[in-house]
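# Breakdown of the fold
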Amino acid sequence: GAGVSQTPSNKVTEKGKYVELRCDPISGHTALYWYRQSLGQGPEFLIYFQGTGAADDSGLPNDRFFAVRPEGSVSTLKIQRTERGDSAVYLCASSPQTGFGEQYFGPGTRLTVT
Amino acid sequence: SQELEQSPQSLIVQEGKNLTINCTSSKTLYGLYWYKQKYGEGLIFLMMLQKGGEEKSHEKITAKLDEKKQQSSLHITASQPSHAGIYLCGADISGNSGGSNYKLTFGKGTLLTVNP
């Protein structure tokens, strides 16, 4: 079956602009996660959804970052007033149930803020 | 300091050689995951270890979890060029002892190069 997909694969934007990153989880997976990976680092947890609600958003770096999952499937990570420090690969993952078992990762969206 | 330390940071081996990658936690481990990442791609799940002393194998890769030492090791036997990539360990060390493993903290990764 289809894995986790993310669009776009690459996004270049100017400092101060607004961006949206999309994640399509594996069908039927109730849990969805967003991570951010900077060069030479491991992924860093941002937010976790169980169904439609954000169960844990403690990893979001500040209030410029926001994520939604209105129908419990597709999720969008939104970044306002982008800064150069936001440049990273944004990874999405999903898993069949809450918090147990492996997380299946998408290929990521490489965001570059110029 | 890094909560999950991986060693070595990088490793170059000749095809056919064995190798070990270590992951050490500064906090209690409630389960540990090993992933592999190719440059520019997402993470590929390798193994999940949940109990102290647990050991799992898949093809030529074996992973062990030593809960007392808060450490895991990943061993590759008779390495092949297809094993090349970045190996990442991840664990939920947030203090939730209920068994949930959603908030993964990752190490920085070990870059493995296998020369033919």
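Here, every reference points to the structure presented above.
From a predicted model like this one, the values you see are computed outputs, not experimental measurements.

## Looking at unusual backbone geometry
Between A:Thr7 and A:Pro8 the backbone carries a cis peptide bond, its omega angle lying at -10 degrees. Take A:Pro8: it is sitting in the loop between β1 (5–7) and β2 (10–13). In the segment running from B:Ser7 into B:Pro8, the intervening peptide bond is cis, with an omega of -10 degrees. Considering the arrangement of structural elements, one finds B:Pro8 in the loop between β1 (4–7) and β2 (10–14).

## Here's the deal with the sheet that holds β1(A)
Residues and elements named next belong to chain A. If you trace the four strands from one edge of the open sheet to the other, you get β1-β3-β8-β7, paired in antiparallel fashion. Here the strands that pair on one side only, and so sit at the sheet edges, are β1 and β7 (65–68). Adjacent strand axes in the sheet meet at a mean angle of 15 degrees when their direction is disregarded.

## Side note on the nonpolar core
Residues and elements named next belong to chain B. If you look at the biggest cluster of nonpolar residues, it comprises 23 residues, and the most contacted ones within it are Leu-19, Leu-29, Leu-32, Trp-34, Leu-74, Tyr-87 and Leu-112. Counting only elements with at least two residues in this core, the list comes to β2, β3 (19–25), β4 (32–37), β5 (43–49), β7 (61–66), β8 (71–76), β9 (85–91) and β11 (110–115). Apart from residues lying up to four places away in sequence, Leu-74 is in contact with Leu-19, Thr-20, Ile-21, Trp-34, Ile-61, Thr-62, Ala-63 and Tyr-87.

## Structural notes on the pairing of strand β3 (residues 19–24) of chain A
It is a general feature of regular strands that their side chains alternate between the two faces of the sheet. All names here are of chain A. Of the two faces of β3, the one holding Val-19, Leu-21 and Cys-23 is buried and the one holding Glu-20, Arg-22 and Asp-24 is not buried anywhere. As paired elements, β3 and strand β8 (residues 75–79) share five bridges and run antiparallel to each other. Among the inter-strand pairings, Cys-23 is bridged to a residue of β8, identified as Ser-75.

## Section: the interface of chain B and chain A
The partner chain A presents 21 residues to the 21 residues of chain B that form the contact. Here chain B meets chain A over a buried area of about 1,700 Å², counting both sides, of which 54% is carbon and sulfur. One can count one salt bridge joining chain B with chain A. Between B:Lys103 and A:Asp56 there is a salt bridge, with the nearest N and O atoms lying 3.9 Å from each other. Residue assignment for the side of chain B that touches chain A shows that the elements contributing at least two residues are β4 and β5 of chain B. Of the residues contributing to the side of chain B that touches chain A, the split by class is 10 nonpolar, eight polar and three charged.

## Regarding the pattern of salt bridges
Should their charged atoms come close, side chains of opposite charge can pair. All names here are of chain A. As enumerated under the stated definition, the model contains eight salt bridges over all chains in all. Across the pair Glu-44 and Arg-36 runs a salt bridge, and its minimum N-O distance is 3.8 Å. Residue classification places Glu-44 among the partly exposed positions, given a relative accessible area of 40%. A relative accessible area of 12% places Arg-36 in the buried class. Taking the shortest distance from any N to any O, the salt bridge between Arg-64 and Glu-83 comes out at 3.5 Å. Placement of Arg-64 in the loop between β6 (53–56) and β7 and of Glu-83 in the loop between β8 and β9 (88–95) is noted, with a sequence separation of 19 residues between them. Each of the salt bridges in this network shares a partner with another, and the network as a whole consists of Arg-64, Glu-83 and Asp-86.

## What about the sheet that holds β7(B)?
Residues and elements named next belong to chain B. Across the sheet, which stays open at both edges, the five strands sit in the order β1-β3-β8-β7-β6 with antiparallel pairing between neighbours. Taken across any chain shown, the strands that pair with only one partner, and hence form the sheet edges, are β1 and β6 (55–58). Recorded for the sheet is a direction-independent mean angle of 15 degrees between the axes of neighbouring strands. Pairing between β3 and β8: six bridges, direction antiparallel. Within β8, the position partnered with Thr-20 by the bridge is His-75.

What counts, and at which threshold
Residues numbered from 1 in each chain as written. Chains lettered and ligands numbered in written order. Predicted model: local features only at pLDDT ≥ 70, side-chain atom pairs only at ≥ 80, totals over all residues. Heavy atoms only, no water. Helix = DSSP H or I, 4+ residues; strand = E, 2+ residues; numbered from the N terminus. Pairing = 2+ DSSP bridges. Axes fitted to C-alpha atoms, helices over the stretch in contact; angles between N-to-C directions. Core = buried A, V, L, I, M, F, W, Y, C linked by side-chain atoms within 4.5 Å. Buried < 20%, exposed > 50% of the residue type's maximum accessible area, 1.4 Å probe, protein only. Contact = heavy atoms within 4.5 Å. Buried area = accessible area lost by both parts, 1.4 Å probe. Salt bridge = Lys/Arg side-chain N within 4 Å of Asp/Glu carboxyl O. Nonpolar A, V, L, I, M, F, W, Y, C, P; charged D, E, K, R; others polar.

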